[in-house]
Amino acid sequence: MGRTGTLSRMSDGRIRKRIGYLANGSQPTFYLGHSMPDAIVTAARLDQVWAVISPDGGTWDETTIQVAKAIAKGDTETTIEPPADQTGEMLVFWMENTKARFGRFLNFKFPSQCHAAMTRYQGDRQDEKQALNVRYPSFNDQPDETGVTLEKALTQYGEDAFTQYGDSQWAKTKMNMTRFVKRQIEAEKITDLSHLDANAIDRVIQRIASRPNADTKQSRKAENPKPISVKTAGNALKEFRFFLRWLHRSDLPWRKPSDWDTQAVKIKMTDQERVAKISARQVQTYTIEELKTLWTYATPQTHLLMILGLNCGFGAAEISSLHRDELMLRQVHPEAKVLNLLTTDQDSWIRRLRRKTTVYGEWRLWDITVQAIEWRMNRNKRQDNPHIIQNDSGSTITEKEIQNAWQRINRSIMADNPKWVKKSFNKLRKTAANFIRQGAGSEAASLFLSHGKPSQMDVLLEVYTDRPWGIVHAATANLESRFKLEKVLTMETPFPAVVKKGGANISLATIEKIVRMAAEGYRTGEIADETGVSTETVRRWLKRQSND
């Protein structure tokens with residue numbers, strides 16, 4: 001996506017904005033008049049137009065640059081000249097496509113040759129009843145089958161996703177969601193592209209919004225299978241709309257029906273889910289006691305993941321992509337004077353662009369975070385791998401590996417406490433941000449999360465001021481103090497030089513009970529009977545505890 005840029009005033013008083021890219025790689029400049037308030041509104045409209053063009057790697061072309069220039073001048077109506085290579089039927093499609101994509105920004109007028117082409121096309125359709133493989137949005141009659149199946153279109157959509165995103169976790173996630181969407185389309189008996197009219201699109205959307213049962217091994221075996229989650233349904237709806245937009249712009253014989261447009265969709269919720277939402281806690285997070293429990297059961301590697309989630313607000317994606325070049329150990333902040341920061345050469349930092357949004361973020365690292373990162377880097381088998389968080393084989397840790405490690409910790413806890421409520425790893429990110437917001441306000445929490453616009457109240461603030469990183473660093477320091485005070489991240493050696501391979505084959509609670517009963521004077525046989533393990537297991541764990 002091209003840079004959206006900021007507003008700047010020229011020497012003659014005019015305000016300009018650079019946004020997006022032309023096909024040759026240059027960035028066009030749009031002049032927005034002399035009034036800053038008016039320019040801000042116009043710039044926002046340009047951002048919206050560019051948002052329509054940019055998601056699929058688009059650039060300004062002969063048509064869209066005319067749209068953008070008309071908006072920059074403040075026009076609400078404009079005459080658009082068609083590209084020279086658009087004639088006949090393709091000229092009709094160009095007209096309808098322009099109105100469908102940008103009609104909400106401008107009222108369009110077209111030259112006489114466009115209207116003549118439309119008249120000829122309508123006459124041909126009516127008089128000759130010619131079946132066309134391309135559905136033009138200006139007609140509501142049902143065309144003959146195109147011969148192109150939805151399965152073929154979805155396969156091509158998936159291939160394009162891999163071309164764009166590579167063999168990344170994001171591409172794999174899109175493929176999984178695409179397969180789910182495909183099953184919903186098949187359930188509605190939609191096979192050929194010509195069947196995908198406004199009615200069919202609405203049926204698929206309503207089917208997803210009603211949350212069909214999850215198509216997993218566990219769900220298929222269950223007597224009462226659970227529906228997909230509200231979040232999954234929302235993501236599936238987004239993916240279906242992405243597919244429709246891609247299909248509309250592709251060279252396949254389908255165009256978005258003119259009588260269909262994107263509308264807000266209400267996703268069905270169960271009664272239990274509605275009741276669960278009746279709470280002052282709008283976001284699911286971990287409590288202090290839950291964090292203590294997680295820390296107690298975690299392995300050294302999971303301790304590291306947990307700390308990065310709490311200190312830096314990193315989710316699985318941010319952790320797996322953490323690069324050595326983004327780490328600054330024991331250094332004064334390079335822009336301390338500009339940001340008015342109190343910093344010494346004992347401070348450590350992570351400074352990076354968030355991969356998802358390319359928004360800049362920085363975090364002052366806690367002492368235990370530095371200890372965890374150095375422990376991991378010393379254990380990394382591949383020093384040529386620029387990523388900091390590696391697995392024991394030397395490969396960059398994947399988001400899936402992080403999620404699996406977190407699930408293992410949750411299963412261990414549930415073995416001792418069946419009432420434990422399992423939450424995802426990324427809830428750590430929300431937990432930390434929630435603490436930051438409570439202590440330092442919304443702007444600090446937004447900066448902590450690397451969100452794009454930390455101040456929603458003042459649109460000019462980003463133009464005239466630097467972001468207050470000092471507030472964020474003070475807030476994370478206060479959070480570190482709170483965790484120390486409440487003994488959340490406590491353990492004598494959370495990152496031992498030698499990590500024992502394998503884990504206990506009995507739960508942590510059982511081990512603690514064995515040690516406690518032995519300290520109270522119970523005999524080995526009595527401990528074994530009480531805990532339900534063999535006498536040899538009791539002796540082995542007591543010996544291990546004495547050696548430690």
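Because the structure is a prediction, the values reported are computed rather than measured. (Residues numbered from 1 in each chain as written. Predicted model: local features only at pLDDT ≥ 70, side-chain atom pairs only at ≥ 80, totals over all residues. Heavy atoms only, no water.)

Colleague: What's the story with helix α3 (residues 88–102) in this structure? I'm lost.
Modeller: Over its 15 residues, α3 extends 22 Å from the first C-alpha to the last, a length consistent with the 21 Å expected when each residue adds 1.5 Å. Where α3 is concerned, the buried positions are Leu91, Val92, Phe93, Trp94, Met95, Glu96, Asn97, Thr98, Arg101 and Phe102. (Helix = DSSP H or I, 4+ residues; strand = E, 2+ residues; numbered from the N terminus. Expected span 1.5 Å × (residues − 1). Buried < 20%, exposed > 50% of the residue type's maximum accessible area, 1.4 Å probe, protein only.)

Colleague: How should the pairing of strand β8 (residues 360–364) be read in this particular structure?
Modeller: Along any regular strand the residues' side chains alternate between the sheet's two faces. The element β8 is extensively covered by neighbouring structure, given that four of its five residues are classed as buried. One ladder, built from five bridges, connects strand β7 (residues 349–353) with β8; its direction is antiparallel. Each residue of the ladder has a partner; that of Leu353, found in β8, is Tyr360. (Pairing = 2+ DSSP bridges.)

Colleague: Is there a simple way to think about a positive patch on the surface in this case?
Modeller: On the surface, a cluster of positive charge is made up of Lys226, Arg408, Arg411 and Lys422. With respect to the helices and strands, Lys422 occurs in the loop between α16 (399–416) and α17 (427–440). Judged by relative accessible area, Lys422 falls into the partly exposed class, the value being 46%. (Patch = residues over 30% accessible without salt bridge, like charges linked within 9 Å, V, L, I, M, F, W, Y side chains within 5 Å. Areas by Shrake-Rupley, 256 points an atom, 1.4 Å probe, with all protein chains shown as cover. Salt bridge = Lys/Arg side-chain N within 4 Å of Asp/Glu carboxyl O. Lys, Arg positive; Asp, Glu negative; His and termini not counted. Charge placed at Lys NZ, Arg CZ, Asp CG, Glu CD.)

Colleague: Is there a simple way to explain the nonpolar core in this structure?
Modeller: As a rule of thumb, nonpolar side chains are buried together in soluble globular proteins. If you look at the biggest cluster of nonpolar residues, it comprises 60 residues, and the most contacted ones within it are Leu291, Leu308, Leu310, Ile350 and Phe483. No other element matches helix α12 (residues 300–312), which puts seven residues into this core. The next biggest cluster of nonpolar side chains, apart from the first, holds 33 residues, and it includes Phe30, Leu46, Ile65 and Val92. (Core = buried A, V, L, I, M, F, W, Y, C linked by side-chain atoms within 4.5 Å.)

Colleague: What's the story with unusual backbone geometry in this structure? I'm lost.
Modeller: Excluding glycine, residues mostly carry a negative phi; peptide bonds, for their part, are mostly trans. The backbone phi angle of Lys189 is positive, close to 60°, even though this residue is not glycine. Looking at the element boundaries, Lys189 is found in the loop between α6 (169–187) and α7 (198–209). Judged by its relative accessible area of 68%, Lys189 is exposed. Despite not being glycine, Arg330 has its phi angle at roughly 50°, a positive value. Its location among the elements puts Arg330 in the loop between β6 (327–328) and α14 (336–339).

Colleague: Explain the sheet that holds strand β2 (residues 15–18) here, please?
Modeller: Hydrogen bonds along the backbone pair up the strands of a sheet, which may run parallel or antiparallel. With antiparallel pairing, the three strands of this open sheet are ordered in space as β1-β2-β3. Each edge of the open sheet carries a strand with a single partner, namely β1 (7–9) and β3 (29–31). Sheet twist, expressed as the mean angle between neighbouring strand axes with direction ignored, is 30°. (Axes fitted to C-alpha atoms, helices over the stretch in contact; angles between N-to-C directions.)

Colleague: Would you mind going over the packing of aromatic side chains with me for this structure?
Modeller: To describe a pair of aromatic rings, you give the distance between the ring centres and the angle between the ring planes. Following the criterion strictly, the structure yields 14 aromatic pairs and no others. Summarising the aromatic geometry, the rings of Phe30 and Trp60 are spaced 5.6 Å apart at their centres and angled 65° between planes, so their arrangement reads as edge-to-face. Of this pair, Phe30 sits in strand β3 while Trp60 sits in the loop between α1 (36–53) and α2 (62–72); the two residues are 30 residues apart in sequence, bridging distant segments of the chain. Like Trp60, Phe30 is buried. When the centroid spacing of 5.0 Å and the interplanar angle of 85° are considered together, the rings of Phe314 and Trp363 count as edge-to-face. Of the two residues, Phe314 sits in the loop between α12 and α13 (316–320) while Trp363 sits in strand β8, which places them 49 residues apart along the sequence. A relative accessible area of 3% places Trp363 in the buried class. A connected cluster of aromatic rings, assembled from ring pairs, spans Phe30, Trp50 and Trp60. The cationic tip of Arg14 hangs over the ring face of Tyr31; the distance from NZ or CZ to the ring centre is 4.4 Å. (Phe/Tyr/Trp six-rings, centres within 6.5 Å; stacked < 30°, edge-to-face > 60°. Lys NZ or Arg CZ within 6 Å of the ring centre and 35° of its normal.)

Colleague: Please clarify how the sheet that holds β7 should be interpreted in this entry.
Modeller: Spatially, β6-β7-β8 is the arrangement adopted by the three strands of the open sheet, whose pairing is antiparallel. The open sheet has two edge strands, β6 and β8, and neither has a second partner. In this structure, β6 lies alongside β7, joined through two bridges in antiparallel fashion. In the sheet register, Met328 faces β7, and the bridge partner there is Trp349.

Colleague: What should I look at first to understand the side chain of Thr343 in this one?
Modeller: Along the chain, Thr343 turns up in the loop between α14 and β7. In this structure Thr343 comes out as buried when scored by relative accessible area, which is 18%. There is a polar contact of 3.5 Å between the side chain of Thr343 and the backbone nitrogen of His333. In terms of polar contacts, Thr343 uses its side chain to reach the side chain of Asp347, at 2.8 Å. Beyond its immediate stretch of four places on either side in the chain, Thr343 contacts Gln331, Val332, His333, Ala336, Trp349 and Arg364. (Polar contact = N/O pair within 3.5 Å; in protein donor to acceptor, adjacent residues only side chain to side chain. Contact = heavy atoms within 4.5 Å.)

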